[in-house]
Every structure is written in structure tokens, then in C-alpha cells.
2 protein chains.
Amino acid sequence: MAPTRVALVGAAGQTGSSIVEGLLEAGDQFSIVALTRPSSITKPANGNLKDRGVEIRSFDLSGPEEPLVEALRDIDVLICAIAATDQEAQIPLATAAKKAQVKRFVPCAFITVAPPGRMMLRDWKEDIYNHIKRIHLPYTIIDVGWWYQISYPRLPSGKIDYVAMNVPTLIGDGNVPSALTDLRDIGRYVAKIVVDERTLNKYFLAYDELLTPNQVVEELERLSGDTIPREYLSEQTLREKIETASKLYETDLSQAFLKASAEYMLSWGINGDNTPDNAKYLGYLTCKELYPDFQSISYTSYLQEVLDGEAKPVYEDNEEIRSLTISLRESMDGKA
Amino acid sequence: MAPTRVALVGAAGQTGSSIVEGLLEAGDQFSIVALTRPSSITKPANGNLKDRGVEIRSFDLSGPEEPLVEALRDIDVLICAIAATDQEAQIPLATAAKKAQVKRFVPCAFITVAPPGRMMLRDWKEDIYNHIKRIHLPYTIIDVGWWYQISYPRLPSGKIDYVAMNVPTLIGDGNVPSALTDLRDIGRYVAKIVVDERTLNKYFLAYDELLTPNQVVEELERLSGDTIPREYLSEQTLREKIETASKLYETDLSQAFLKASAEYMLSWGINGDNTPDNAKYLGYLTCKELYPDFQSISYTSYLQEVLDGEAKPVYEDNEEIRSLTISLRESMDGKA
């Protein structure tokens, strides 16, 4: 069988990198095209991808439509994994994909499960989903829960500061379960989903484990032998954060990030949106039903990597997000 | 088995009446409650329902929440079929249903299939659907295509003026298929859907036949022996109507109706949204898969009733809608 030709926008990002790895791991099943801004073609990251068999193709999403359509003519599956704030760029992308008769578009979802009207970040995506539906473009929307990599607190010893993002972990009473996924598993799920006819024109939740924040902290304590101080962030604090940030964010990017972060925490930590049961209620298929034999990375083994000093930090090259996360932590401190 | 207790808001309307008939036809399977404005309790229509075994229960949607919750405590299935312009009243209704632990809410859908962002009327409903999803209320959204009763043109002889709504029939080139349903079948579908576990938390399209406007006109000519002049309404005319009406409708109700009507025609007549294939693409189940043995009223037999002088006009008691329809016709005349 001829390989499925998959094109990816955002191959260099956190999610995009995982997707490239997942597709490469599947071997001859895929031929992979990284659609790349003309100005980025010569970046070292693209050289590395090229060495591994990925075709680097110039693609200017801010340019005219016709070259976009031409660049997509031979593509079976188009996947988009771009920054949260760039979602609108998918309008011309989807329109070009429709004209090029792409067989499946995987828009930039890749977040936690939530209904419309709950989180600004998700509502930006909803606008894209609705555009896709209006032009009748075949699609699969893939959400992935919350990453293992940003799910746990630091240890008092400082031992895991090299990798822990240090975002608040204990939301509400810490007992609301939430779907968690190792960032590295995302691409391996995607490689299965995009060639599966059952997932066409469907929403899909790919996740590894369903855990409460209290379970996360207890597991980290068990593995490390440390005692972690409990700092619970209340619903009221989150709501106040969201309200304050909503007023300020249009002129201050760090406020947008704060608003989005607090909305995430309220959604998965208080409302309980990010569960397989809620996903099914909202019409999603899930990986546990479709791929029961998938060998996912366990949460315990990931934490052990962290403790062994072998985990890889996320957003390592993204100074903006790393500094925003620090400001998030500071703004939340003492507010629990 | 104990009967399923179904409560209905809007039992006196066009869709509501069909639903009551459908539930009554199913016999002992249902016990039916008509939730009625306190000021309407003594209306003759409610007296008639009471004589047929329907419980009339006072229900003030504009009042406080607690009595709403109390009135819904014993209800299994809550169905809402209210005016297009009253959709917002479903926010407190859904919230009360959640608190009363209603097992299934059927919000006021009952229109053609279309994606979000295509029609103002549908987008008002989308806001309700999203509220339902945020409060995790079990639901079924039932769309029904376009009614047989408003689907055909008048005859030059005037013979069917007693019943024909005379809205434009031939949209675009008249070749786009659209799902059509006899208004009387809606309730019979609803009676099946609301007790079917497969339809829980799903979108559902109930329709009788898939026909193009040209097929409609040809069938009416064949049965009547008359020749019907072809007046095709172009996409451009519809788009101009929508644009003009959009600017004026906030201060002029007839413009809102005109905008909504033109958007309907553009959606089913040009975009081809109102088909079973598109419904499936959008995630709907359809009656042809789930109820293949359903004895629907055929379009031909309905037209024969019309020609035999035995059809019943719709909106007979609703002077407002009938006069708006006349103004719609006048505004479209000569614009084809």
C-alpha cells in the first residue's frame, strides 16, 4: 500500500515535534511533509528533519491562496499544531485544504476536553471547527488532556526544579479526576488516529491516565520519599483571577496567559470537564475503546524519569512561555 | 413497565401539537404533562388536551427557579418547542431540568440541518446547546428538515391557495436536494427517539424524503395537471436580502423574519446543508438508519391531500407569521 502522505504545520513546536516522532516511528506507513514558513526553511531544526526523511516544503500561510492549494495537492492528511494565539491562521489553511481535496484535516485542537463557552483558548478553536463544518471539510478533532510534563509540583528539596514547570497542581479539593497524557505519546496516538476510518469527522480524546491532583502529589511523594506541602487553589481564587485578567488581557499578553491558565484549571480542576466520561457525553471517541492495546507511558514511569534526572523540560527554547509561567506562579502564590 | 413521563413546553404550537399527537398515538407508553403559562391554563386548547388525558401543569418560565425545579421533579423527558425568538428562555429551563434530575432534555431544535455560523435562528439555538453541555444535562437534539407544509408553490389556477404558504420554492438552480418532513410525522418520530438509549446525548435528523425543489414542482405539476411558472431565486438575491435585512432587523421584526427566511433558503437551497449526508458529517444519527420500518407520510400523498382540498394550513391561528410570510413573498417577487 502506498504510504499516507501527511503534511504538518508547526512541526517544530511541542505538540508538532511529538507528532513528527509518532509518524516517523510508524515507519513506511507515512511520508511526511513539514510545511514551513519561507523564512524558516534554513533553520537547523528543519535540517534535522530533512536528514530523517521529512520533506521540508515552503508554505506561507499569510500569503495568497493559490500557492497554498498547490502545496497541498498531493496531501492525504493535513495536521495543524500551532500556537494558541495563532488559531485564526487556520481559516485560510482549511479553505485551501478543501480546494486541494485533502482527505482529512486535523485542526489545532490538542488540549483538554471542555464544552464551548468555558475557555477562551478553546473558543478560538471552536471558530475554526465551525468554519471547517461550513465548508464541509473532512476532519478529526484530537484532544489530548493535560500533559504529564506540566502536571506535578516541585519538591521542597529542589531536586526536580530542572524540569518541573511549577504550575499550580492542587485545584479545589484536589479530588476531581482529569485525563493526563505524556507529551511523547501524542504523536503515537495521532499516527493511529489519522489512518482510522472510524475517526473521520469525529472528536477524539487520546489520553494515558485519569488521575486526581491528590493522586498525582501522593504518587510523587511515594516515589521521592519527600513530603510535599499542600497548597490548594480555590474555585473563588480562580474565578477572581479570570475576572481580573479578562479586563486587562487585551493590552497585556501576560494577562491573556493568566486568564487562559486559570480557565484551564477551573475547567479540569473544578468543573471536571477533562474526563473520558465527559468526552463521551460531548460526542468524543476515546483511545481506550478504539486502541485498547496501545502501550502508553505510565504516569509512575514518567515521574520516575523526572526523579532520575532523565526527563526533558518542555518549552525549553521558548523563553516567553517559561517566563509567563513564572509570572503565573507568582500571581497565584499566597492566593490559595 | 411504568410509562415514561414526558413534559412539553409549547404544546400549543405547530411543532408542539405534532409532538402531543405523536405521544398520544403511542398510547400507554407515555404520561404527558403540558407545562403551561399560568395565564394560559384556562385556554380552550388546554381544556382539549386535558380531555385527552394530558395533565396541564402551571409553569412560569419567567418566574423564580425553585417552582420550576419542583414542577420538573417527576419528569423523565422534557421537550421544548417554543417560538424561534424565545430560545433564551431555555437557559433557566435547562438549569432547572438539571437540578430536577430530568433524564433527557430535548431542546427546541426542530429545524433544518446546518452548521453553526450559517443562520441566525440556528445560532440562537447553539447558545442553548452549549449551555446544556456546560451543565452536563443529558440531551437529544432533534432536527426535522423542512416541512412538507411550506415546501411547494401555488398553482396558477388558485386551487390550492387555501393552504399553500406561498414561500419561494425554487432556490438557485432548483437542483439541490433537501430533507423534507410532514409536520404530522415529527411527533411520531419524537415518540420513538425519546425512549431510545441510542439517541441519548446525540444529534438526530428525522425526515421523510430527500427532494430537490425541481422535483417538488414537477410532482405538483404531475398530480395537478397544471403548468407552474418557474421563478428561480438566485444566490445573489438571497445574499443581498440577508445583507439588507441584517442591517435593519434590530428595529424591525419583519426584517428579522426576512433575514431568517433568506438564510434558511441559502442554507438548504444553495449550500446544501439540509441533507442526511451532511447531517451524518455533522455527527447526527438519522431515522433511516435507526427506524427503517417507520411508516412516514409520502410527499406524493401529502400533495394529493392538498389537491383534494383536505390539507390543513399551518400557522392558521398565527396572524403575525401569516402576514410576515406575505411580506416575505412580496419582498422576493421580481427579484429572482
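The residue numbering used here restarts from 1 in each chain and proceeds along that chain's sequence as written. Chains and ligands are labelled by the order in which they are written, letters from A for the one and numbers from 1 for the other. Reporting of local features is limited, given that this is a predicted model, to residues whose pLDDT is at least 70; pairs of side-chain atoms are given and counted only at 80 or more, and all residues count toward the totals for whole chains, interfaces and linings. For the side-chain quantities, the full set of heavy atoms in the structure was used; hydrogens and water were omitted.

## Things to note about the packing of helix α3 (residues 65-72) of chain B against helix α4 (residues 90-99) of chain B
Residues and elements named next belong to chain B. Short version of the rule: Only the stretch in contact is used when fitting a helix axis, every axis being a line fitted to C-alpha atoms; angles between N-to-C directions are given from 0 to 180 degrees. Counting from the N terminus, the helices are the DSSP runs of H or I reaching at least four residues and the strands are the DSSP runs of E reaching at least two. Our angle categories are set so that under 35 degrees counts as roughly parallel, over 145 as roughly antiparallel, 65 to 115 as roughly perpendicular, and the remainder as oblique. Crossings are sorted by hand: turned counterclockwise from the far helix by less than a right angle, the near helix makes the crossing left-handed, and turned clockwise it makes it right-handed. Contact between two residues is taken to exist if any of their heavy atoms lie within 4.5 Å; hydrogens are not considered. Polar here means any residue other than Ala, Val, Leu, Ile, Met, Phe, Trp, Tyr, Cys and Pro, which are nonpolar, and Asp, Glu, Lys and Arg, which are charged; Gly is therefore polar.
One way to put it is that α3 packs onto α4 with a least axis distance of 8 Å and a crossing angle of 55°. On the basis of the axis angle, α3 is oblique to α4. In this structure, the crossing between α3 and α4 has a hand that is right-handed. From α3, E65, L68, V69 and L72 reach across to α4, where they touch P92, L93, T95, A96, A97 and K99. Residues of the contact of α3 with α4, tallied by class, amount to seven nonpolar, one polar and two charged.

## Re the environment of A:D208
Residue and element names in this part refer to chain A. Stated formally: For every residue, the accessible area obtained with a 1.4 Å probe (protein chains only) is divided by the maximum for its type, and the residue is called buried under 20%, exposed over 50%, and partly exposed between those limits. Between N or O atoms, a polar contact is any pair within 3.5 Å; within protein, one atom must be a potential hydrogen donor and the other a potential acceptor, and residues adjacent in sequence are included only when both atoms are from side chains.
Note that D208 resides in the loop between β9 (202-205) and β10 (209-211). On the accessibility criterion, D208 (5% relative accessible area) is buried. The sequence separation of D208 and I297 amounts to 89 residues, and the corresponding C-alpha distance is 7.1 Å. The residues touching D208, leaving out its near neighbours within four places in the chain, are Y148, L180, T181, D182, D185, Y189, K288, S296 and I297. From its side chain, D208 meets the backbone nitrogen of D182 in a polar contact 2.9 Å long.

## Some words on the relation of the copies chain A and chain B
Filter applied, for reference: Least-squares superposition of the copies uses the C-alpha atoms of those residues scoring a pLDDT of at least 70 in each of them.
With an RMSD of 0.0 Å, the operation that places chain A on chain B is a rotation of 180° combined with a shift of 0.0 Å along the axis. Taken together, the rotation and translation relating the two chain copies correspond to the operation of a two-fold axis. Of the C-alpha atoms belonging to chain A, the one lying closest to the rotation axis is found on A:G283, 4.1 Å away. Here 100% of the interface residues in chain A have copies in chain B that are interface residues too; the copies meet face to matching face.

## Examining the sheet that holds β10(A)
Residue and element names in this part refer to chain A. This is how the line gets drawn: Paired strands, in this sense, are two strands between which DSSP finds at least two bridges.
Across the sheet, which stays open at both edges, the three strands sit in the order β7-β8-β10 with mixed pairing between neighbours. With one partner strand each, in any of the chains shown, β7 (146-147) and β10 form the two edges of the open sheet. Where β7 and strand β8 (residues 178-181) come together, two bridges link them in parallel fashion. Bridge assignment links W146 to a residue of β8, and that residue is L180.

## Regarding the packing of helix α7 (residues 213-224) of chain A against helix α12 (residues 299-307) of chain A
All names here are of chain A. Between α7 and α12, the least distance of the axes is 10 Å, while the angle of their chain directions is 50°. The orientation of α7 with respect to α12, classified from their angle, is oblique. Crossing angle aside, the handedness with which α7 passes α12 is right-handed. Two secondary-structure elements touch here, α7 through V216, E219, L220, R222, L223 and S224 and α12 through Y299, T300, L303, Q304 and L307. A per-class count over the contact of α7 with α12 returns six nonpolar, three polar and two charged.

## As for the interface of chain A and chain B
How large an interface is tends to be reported as the accessible area lost when its parts come together. To keep things clear, this is the line we draw: Two parts placed together each lose some accessible area; with a 1.4 Å probe, that loss summed over both constitutes the buried area. In what follows, salt bridge is the name for a side-chain nitrogen of Lys or Arg lying within 4 Å of a carboxyl oxygen of Asp or Glu.
With 17 residues of chain A at the contact, the number on the chain B side is 17 residues. Where chain A abuts chain B, roughly 1500 Å² becomes buried across the two surfaces, and 53% of that area is made up of carbon and sulfur atoms. Looking only at chain A, the three residues that lose the most surface to chain B are A:R134, A:H136 and A:Y281, adding up to 45% of its buried area. Linking chain A to chain B there are zero salt bridges.

## Observations regarding the sheet that holds strand β11 (residues 284-286) of chain A
Residues and elements named next belong to chain A. Ordered by their spatial adjacency, three strands build an open sheet running β6-β9-β11, and the pairing between neighbours is parallel. Of all the strands in the sheet, just β6 (140-143) and β11 have a single pairing partner and so form its edges. Between one strand axis and the next, the sheet turns through 30° on average, direction left out of account. Across four bridges, β6 lies against β9 in parallel orientation.

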